Amino acid sequence: INSLPGIFFVLDREGNFVRWSANTANLLGLAPEQMTGTNGLSFIHEADRGPVAQKVREAFETGIVSTEARVVAQRGLRYYTFTASRIETRSGTHILGIGIDITDRKQAADRLQESEKRLRAIFDGTLDGIALADVASKRIASVNSAMCRMLGYSAQELEQLGVADIHPQQDWPY
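Residues numbered from 1 in each chain as written. Predicted model: local features only at pLDDT ≥ 70, side-chain atom pairs only at ≥ 80, totals over all residues. Heavy atoms only, no water.

With that settled, consider the overall build of the chain. Looking only at helices and strands, the chain has seven helices and seven strands in total. Computed over its C-alpha atoms, the radius of gyration of the chain comes to 26 Å, more than 25% above the 16 Å expected for a compact globule of 174 residues. Each principal axis of the C-alpha atoms in the chain carries an extent, and together these give about 80 × 35 × 30 Å. Counting across all 174 residues of the chain, residues that qualify as buried make up 31%. Long-range contacts, defined here as pairs at least 24 residues apart, represent 31% of the contacts in the chain between residues at least 6 apart. Carbon and sulfur atoms make up 53% of the accessible area of the chain, which totals about 10900 Å². (Helix = DSSP H or I, 4+ residues; strand = E, 2+ residues; numbered from the N terminus. Rg over C-alpha atoms; globule rule 2.2 N^0.38 Å. Buried < 20%, exposed > 50% of the residue type's maximum accessible area, 1.4 Å probe, protein only. Contact = heavy atoms within 4.5 Å. Areas by Shrake-Rupley, 256 points an atom, 1.4 Å probe, with all protein chains shown as cover.)

Here is the structure:
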């Protein structure tokens, strides 16, 4: 289990660690003797703890669940995607779980969303008319409000047109 990517763990019905990988202990900053009996939910971000606790209960009932949650790790807050399955052992019913760190992906998605918001603010806020067109089809994909005012059409109407419908033929580059 120590060669697995991500983290691996087994929880009892109370959510306490029964087994774990070295990656799990390293992530949480705990020595092996500290891991035994420690509740796994105590490392889940407070805002995510309730939904994750529900998923743990669901795993015991239905057999398998997946979720995403923030983990309060030794090196700071990390985003993980978890999959957990119910298993039967000689010592009872447990949850076997794996987690993959998706922090980089989440941060990239957040940066992209912020960038798109800034671009949208520029696109919508400029006084110049802007139309974005699909290169292959030469159809209008999106317009700003200044373009709508300039041409006297709504955005929905303009997005039904092609470039040739609003641009003089002598200025076509093709």
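Continuing now.
Of the pairings in the sheet, the one linking strand 6 (residues 131-133) to strand 7 (residues 140-143) comprises three bridges and is antiparallel in character. Looking across to strand 7, one finds that L132 is bridged to S142. Taking the residues between adjacent antiparallel strands as the criterion, strand 6 and strand 7 are bridged by six residues, where K138 takes a positive phi near 60°. (Pairing = 2+ DSSP bridges.)

Here we take up the sheet that holds strand 3 (residues 64-73). An order of 2-1-5-4-3 is seen for the five strands of this open sheet, with the pairing classed as antiparallel. Strand pairing shows two members of the sheet lacking a second neighbour, strand 2 (17-20) and strand 3, which therefore form its edges. Adjacent strand axes in the sheet meet at a mean angle of 30° when their direction is disregarded. Looking at chain direction, strand 1 (residues 7-11) and strand 2 are connected through three bridges and run antiparallel. Residue pairing across strands places L11 opposite F17, the latter belonging to strand 2. Where helix 4 (residues 103-125) meets the sheet, its contacts fall on strand 3, strand 4 (76-89) and strand 5 (92-101), and the angle it forms with strand 4 comes to roughly 135°. (Axes fitted to C-alpha atoms, helices over the stretch in contact; angles between N-to-C directions.)

F17, L27, L28, M35, I44, V71 and F82 are the most contacted members of the largest nonpolar core, which totals 26 residues. Where this core is concerned, the elements lending two or more residues are strand 1, strand 2, helix 1 (22-28), helix 3 (46-62), strand 3 and strand 4. With five residues, helix 3 is the largest single contributor of residues to this core. Apart from the residues lying within four places of it in its own chain, the contact partners of M35 are F17, W20, T24, A25, L28 and L30. Of all hydrophobic cores here, the second largest spans five residues; its members include I140, M147, C148 and L158. (Core = buried A, V, L, I, M, F, W, Y, C linked by side-chain atoms within 4.5 Å.)

What follows deals with empty space enclosed by the protein. For the structure shown, the criterion picks out one cavity of 30 Å³ or more. Its volume calculated, the largest cavity comes out at about 300 Å³. Lining of the largest cavity is provided by 23 residues; of these, F9, L11, I44, V52 and F82 occupy positions nearest its centre. When contributions to the lining of the largest cavity are tallied by element, the ones reaching two or more residues are strand 1, helix 1, helix 3, strand 3 and strand 4. When grouped by side-chain class, the residues that make up the lining of the largest cavity number 16 nonpolar, six polar and one charged. (1 Å grid on protein atoms, 1.4 Å probe; cavity = no way out; pocket = protein on both sides within 12 Å on 5 of 7 lines; lining within 4 Å. Points joined across faces, edges and corners; volume = space filled by probe spheres on them. Nonpolar A, V, L, I, M, F, W, Y, C, P; charged D, E, K, R; others polar.)

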